[in-house]
Amino acid sequence: MSTKKPAVPASPARKAAVKKVQASAAPAAKKAAAPRRRPAQAPAPAPAPSAAPAAAPAAESPAPAAALPELGAGMAGLGEMWSSLAGLQIPAQALSELQSNYLKQASELWNSALPGLGAGLGGVFGASQGEAAKEAAPKPKPLSDRRFAAEAWSANPASSFVAQLYLLNARTLQQMADKLEGEAKTRERIRFAVQQFVDAASPSNYLALNPEAQKLALDTQGESIAKGMQQLWADIQRGHLSQTDESAFEVGRNVATSEGAVVFENDFFQLIEYKPLTATVHARPFLLVPPCINKYYILDLQPENSLIRYAVEQGHRVFVLSWRNPDASCAAWTWDEVIENAPIKAIEVVQDITGAEQIDTLGFCVGGTILATALAVLAARGQQPASSLTLLTTLIDFSSNGVLDIFIDEAMVKMREMSLGDKSMGNPKGPALLKGQELAATFSFLRPNDLVWNYVVGNYLKGEAPPAFDLLYWNGDSTNMAGPMYCWYLRHTYLQNELKIPGRLTICGEKLDLGLIEAPVYIYGSREDHIVPWDAAYRSTQVFKGPKRFVLGASGHIAGVINPPAKGKRSHWLGKTAALPATSEQWFEGAVEHPGSWWTDWAAWLASHAGPKVAAPKGPGSRQYPVIEPAPGRYVKQKA
């Protein structure tokens, strides 16, 4: 893998931030209303930016963001927002306590900082006064917040004071948001908006207030500033904030390199069959369905962390659905069309190529939702093509989904339907694409310090070239979504939670009932996942009727999944028994933590459903489905 050395060495805090990207942020704050007291009207914070969910990683991957709505729908949404804000209040006693505590802490901060500040001013009136004041002034203590951890912040009394005052103000604003009384979802939105403001307002984000960046500019005689401006201009031309050295990677060269061939394609996807690495393979082939809002090679980043290669090494005949990156010609795709022409068609082609009546299947994130829907449609038609179903960080029951729930309500979904949906959804202009950059930006702003401001400071203020990191390269390789499909998904899953209800939805002409799927199901959740909270993943155990196994992995949405055994990292939890109680809390009470990757547990489970070993095929495809081109194929290389 080729990489470029940064012009200015990355700081330790910068390197630590890159590592932190691999783990997801903690789940959203618990929703608990403050006790009712005599209220005092709180200042109305700015409304949170509208956003909508989707499945990826992250470092993982993206949730769909709100586009500019039609004027009428936008006015209606604003009316509802201001109406809900009017009911938000902070109890008088709580507000008084906050004010008192703030004044006390601000006074203590000022008094402790004054000697240091005086030392700086003393130098203005005389060298002797300045030196005496410096000796008498206590040195500011290093701050634990990694944004201010560099020595330059503590060495400069004024900068240390500004940073500490910012942290005090940030805590107070967050405490005010926590004390609000009113409708639960609106309170969560205010918390989110306050956090966005607080993160954006950090003095570390501005050259005039960042002593670390200023010192670097002096030490490099302005070279860091020049490099930063060059990188800013390059990002403006690219149209997005760089999170990694994008020139270090190329799909098919050093990511997505597992050997295989495209053996089928239509307007929706290409089907890749991978070359066996063992003399014999399991009789039942294995089909993987990745999320359609990201590219499939999150499952095949590098040979040492490729889930695809791992499955091939375990003796499976592996097929992967590689989604087309939709362009304007695909804007009218509906949910039904995608289900019929992608997963259902892929299952049919894999059966035809291999001659197997049943196949093992895996879906990741929204790919799991799509795959489960397809299998339920086939079950309604009297077909049971799956010998097993693996669901990785997948939502089936959308009743509670963490931070993403904040943004979903009727007004928001209507705005999306009127701006992206087809005419049946109220969009007079007809269907439109949800652009990939919008998806990527919204996912990043779910964790702004790690995925936005960290790179603003490093790339532009310090002139540090972002380090080469395969996961972040994949994260920036965005994909579009067809508007009608996306709007259907928002309304019937996140808003109305109908997927789990037998007979509620009609998809591809069939009444949907996930309970009709007979295949045993392996359900995986990541403990620190902020896209699919692990308790939400666990709820799938209460939907499917056949044999089920639940496993909880450490870390986040992507890093928890992509955790090869050879690395010896992290851990996972297994139940002491096969019992799957009604709630995730009950299950966790009886779970046992095991060191290392969950992949080995899954591999043993999958092998038990994959059938006996047979001779590996001599080549990919068949007479009916000849090789079209080598893997990874054209579709995965299409840019949004």
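Conventions used here
Residues numbered from 1 in each chain as written. Predicted model: local features only at pLDDT ≥ 70, side-chain atom pairs only at ≥ 80, totals over all residues. Heavy atoms only, no water. Buried < 20%, exposed > 50% of the residue type's maximum accessible area, 1.4 Å probe, protein only. Helix = DSSP H or I, 4+ residues; strand = E, 2+ residues; numbered from the N terminus. Contact = heavy atoms within 4.5 Å. Pairing = 2+ DSSP bridges. Right-handed = clockwise from strand over helix to strand, strands pointing away. Axes fitted to C-alpha atoms, helices over the stretch in contact; angles between N-to-C directions. Parallel < 35°, antiparallel > 145°, perpendicular 65-115°, else oblique. Left-handed = near helix turned anticlockwise from the far one by under 90°. Nonpolar A, V, L, I, M, F, W, Y, C, P; charged D, E, K, R; others polar. Core = buried A, V, L, I, M, F, W, Y, C linked by side-chain atoms within 4.5 Å. Phe/Tyr/Trp six-rings, centres within 6.5 Å; stacked < 30°, edge-to-face > 60°. Expected span 1.5 Å × (residues − 1).

(A) Looking closely at helix 18 (residues 483-495). Burial runs high along helix 18: 12 of the 13 residues are buried. For helix 18, the set of buried residues is Gly 483, Pro 484, Met 485, Tyr 486, Cys 487, Trp 488, Tyr 489, Leu 490, Arg 491, His 492, Thr 493 and Tyr 494. As for helix 18, its buried residues are in contact with helix 11 (335-341), helix 13 (366-380), helix 14 (410-420), strand 10 (433-434), strand 11 (481-482) and strand 12 (506-507).

(B) The arrangement of the pairing of strand 9 (residues 386-392) in detail. With 7 of its 7 residues buried, strand 9 lies for the most part within the structure. Bridging between strand 8 (residues 359-364) and strand 9 involves 6 bridges; their strand directions are parallel. Following the sheet pairing, Asp 360 is matched in strand 9 by Ser 388. Between the parallel pair strand 8 and strand 9, the chain is carried across by helix 13, and the sense of this crossover is right-handed. Where strand 9 and strand 14 (residues 521-526) come together, 4 bridges link them in parallel fashion. Following the sheet pairing, Thr 390 is matched in strand 14 by Tyr 522.

(C) Local environment of the packing of helix 7 (residues 184-200) against helix 16 (residues 448-461). Running from N to C, helix 7 and helix 16 point in directions that differ by 30 degrees, and their axes come no closer than 11 Å. Classified by the interaxial angle, the pair formed by helix 7 and helix 16 is roughly parallel. Crossing of helix 7 over helix 16 shows right-handed handedness. Taking contact as the criterion, the partners of Gln 196, Asp 199 and Ala 200 in helix 7 are, on helix 16, Pro 448, Asn 449 and Trp 453. Looking at side-chain class alone, the contact of helix 7 with helix 16 contains 3 nonpolar, 2 polar and 1 charged residues.

(D) Representation of the side chain of Glu 417 within the structure. Note that Glu 417 resides in helix 14. Each residue touching Glu 417, except ones within four places of it in the same chain, is listed here: Met 425, Asn 427, Cys 487 and Arg 491.

(E) Molecular detail of the sheet that holds strand 9. Strand order in the open sheet made by the 11 strands is 17-16-15-14-9-8-6-7-4-3-19, with mixed pairing throughout. Strands at the two margins of the open sheet, each flanked by one partner only, are strand 17 (591-595) and strand 19 (629-630). Those strands touched by helix 21 (residues 599-607) are strand 6 (286-289), strand 8, strand 9, strand 14, strand 15 (548-553) and strand 16 (571-575), and its axis lies near 165 degrees from that of strand 9.

(F) Structural detail: the nonpolar core. Membership of the largest hydrophobic core comes to 88 residues, with the highest contact counts inside it found for Leu 271, Leu 287, Ile 339, Ile 507, Leu 514 and Phe 544. If you look at the next biggest cluster of nonpolar residues, it comprises 48 residues, including Trp 474, Tyr 524, Val 561 and Trp 599.

(G) Focus on the packing of aromatic side chains. In the structure shown here, the tally under the stated rule is 27 aromatic pairs. The rings of Phe 286, Tyr 310, Tyr 522, Tyr 524, Trp 598, Trp 599, Trp 602 and Trp 605 are connected pair by pair, giving a single aromatic cluster.

(H) Helix 9 (residues 223-238), seen in detail. Spanning 16 residues, helix 9 covers 22 Å between terminal C-alpha atoms, matching the ideal 22 Å at 1.5 Å per step. Phi turns positive one or two residues past the end of helix 9, at Gly 239, with a value near 90 degrees.

(I) Molecular detail of unusual backbone geometry. Here Ala 631 and Pro 632 are connected by a cis peptide whose omega angle stands at 10 degrees. Residue placement: Pro 632 occurs in the segment after strand 19. With a phi angle near 55 degrees, Gln 221 is a residue other than glycine that sits in the positive phi range. Topologically, Gln 221 is positioned in the loop between helix 8 (211-219) and helix 9. Positive phi is not limited to glycine here, since Asn 497 has a value of about 50 degrees. Residue placement: Asn 497 occurs in the loop between helix 18 and strand 12.

All we've got here are geometric facts, nothing functional implied.
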